[in-house]
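Read off the chains here:
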Amino acid sequence: MNHKETPIPVSESDGQMLLSLSLDDLTTDVIDVLAGLIESKVVFDDTPVDGVTTLLLQDIKNLQTSTDAWVVALNSTLPAILQPQVRDELQFELNSAFGAAIEAYS
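Here is a short report on the structure shown in this document. Everything quoted here is computed from the prediction, not taken from an experiment.

1. Some words on the overall build of the protein chain
Then comes step 1: Regarding its fold elements, the protein chain presents 4 helices and 0 strands.
Then comes step 2: Listing each helix as α and each strand as β along the protein chain from the N terminus yields α-α-α-α.
Then comes step 3: For the protein chain, the C-alpha radius of gyration of 17 Å lies well beyond 13 Å, the compact-globule estimate for 106 residues.
Then comes step 4: Structurally, the protein chain occupies a C-alpha span of about 55 × 35 × 20 Å along its principal axes.
Then comes step 5: Sequence separation of 24 or more characterises 78% of the internal contacts of the protein chain that already satisfy a separation of 6 or more.
Then comes step 6: For the protein chain, the exposed area adds up to about 6900 Å²; of that, 58% sits on carbon and sulfur atoms.

2. Focus on helix 4 (residues 83-105)
Then comes step 1: Here helix 4 contains 23 residues, and its C-alpha end-to-end distance of 31 Å stays within 8% of the 33 Å for a straight helix at 1.5 Å per residue.
Then comes step 2: Among the residues making up helix 4, those that are buried are Val86, Leu90, Gln91, Leu94, Ala97, Phe98, Ala101, Ile102 and Tyr105.

3. Section: the packing of aromatic side chains
Then comes step 1: For the structure on display, the rule yields 0 aromatic pairs.
Then comes step 2: The positively charged end of lysine 41 is found above the aromatic ring belonging to tyrosine 105, 5.7 Å away from the centroid.

4. Concerning the pattern of salt bridges
Then comes step 1: Tallied over the full model, the rule gives 2 salt bridges.
Then comes step 2: Residues lysine 41 and aspartate 45 are paired through a salt bridge, measuring 2.8 Å at the closest nitrogen-oxygen approach. Here lysine 41 pairs with aspartate 45, and both are found in helix 2 (residues 41-45), just 4 residues apart, close to one helical turn.
Then comes step 3: Residue class for lysine 41 comes out buried when judged on its relative accessible area of 18%.
Then comes step 4: Between aspartate 88 and arginine 87 there is a salt bridge, with the nearest N and O atoms lying 3.1 Å from each other.
Then comes step 5: For aspartate 88, a relative accessible area of 47% puts it in the partly exposed group.

Cut-offs applied
- Residues numbered from 1 in each chain as written.
- Predicted model: local features only at pLDDT ≥ 70, side-chain atom pairs only at ≥ 80, totals over all residues.
- Heavy atoms only, no water.
- Helix = DSSP H or I, 4+ residues; strand = E, 2+ residues; numbered from the N terminus.
- Rg over C-alpha atoms; globule rule 2.2 N^0.38 Å.
- Contact = heavy atoms within 4.5 Å.
- Areas by Shrake-Rupley, 256 points an atom, 1.4 Å probe, with all protein chains shown as cover.
- Expected span 1.5 Å × (residues − 1).
- Buried < 20%, exposed > 50% of the residue type's maximum accessible area, 1.4 Å probe, protein only.
- Phe/Tyr/Trp six-rings, centres within 6.5 Å; stacked < 30°, edge-to-face > 60°.
- Lys NZ or Arg CZ within 6 Å of the ring centre and 35° of its normal.
- Salt bridge = Lys/Arg side-chain N within 4 Å of Asp/Glu carboxyl O.

Structural data, given as structure tokens:
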């Protein structure tokens, strides 16, 4: 089997496709999960097990670190003309959602 390597950066049209998938699907999923965690904090606070919210806070921070690395990797595959869209839209939305979740659990 002969595999071709994907050129980096990808073409502008491929980059637009990646961004549309990232912005619409993956980002929405992460933001929805974080919003759900914020809404569920009261339930976790009432859990009789000590340290649940502390554990969730650490998990949220770990997820933020992994998500930041994913955004950097995504951005590195894009042509320069598309990179501001990642920084200005995708990263902003994710940072806002993570900031709210971290604040809720801190």
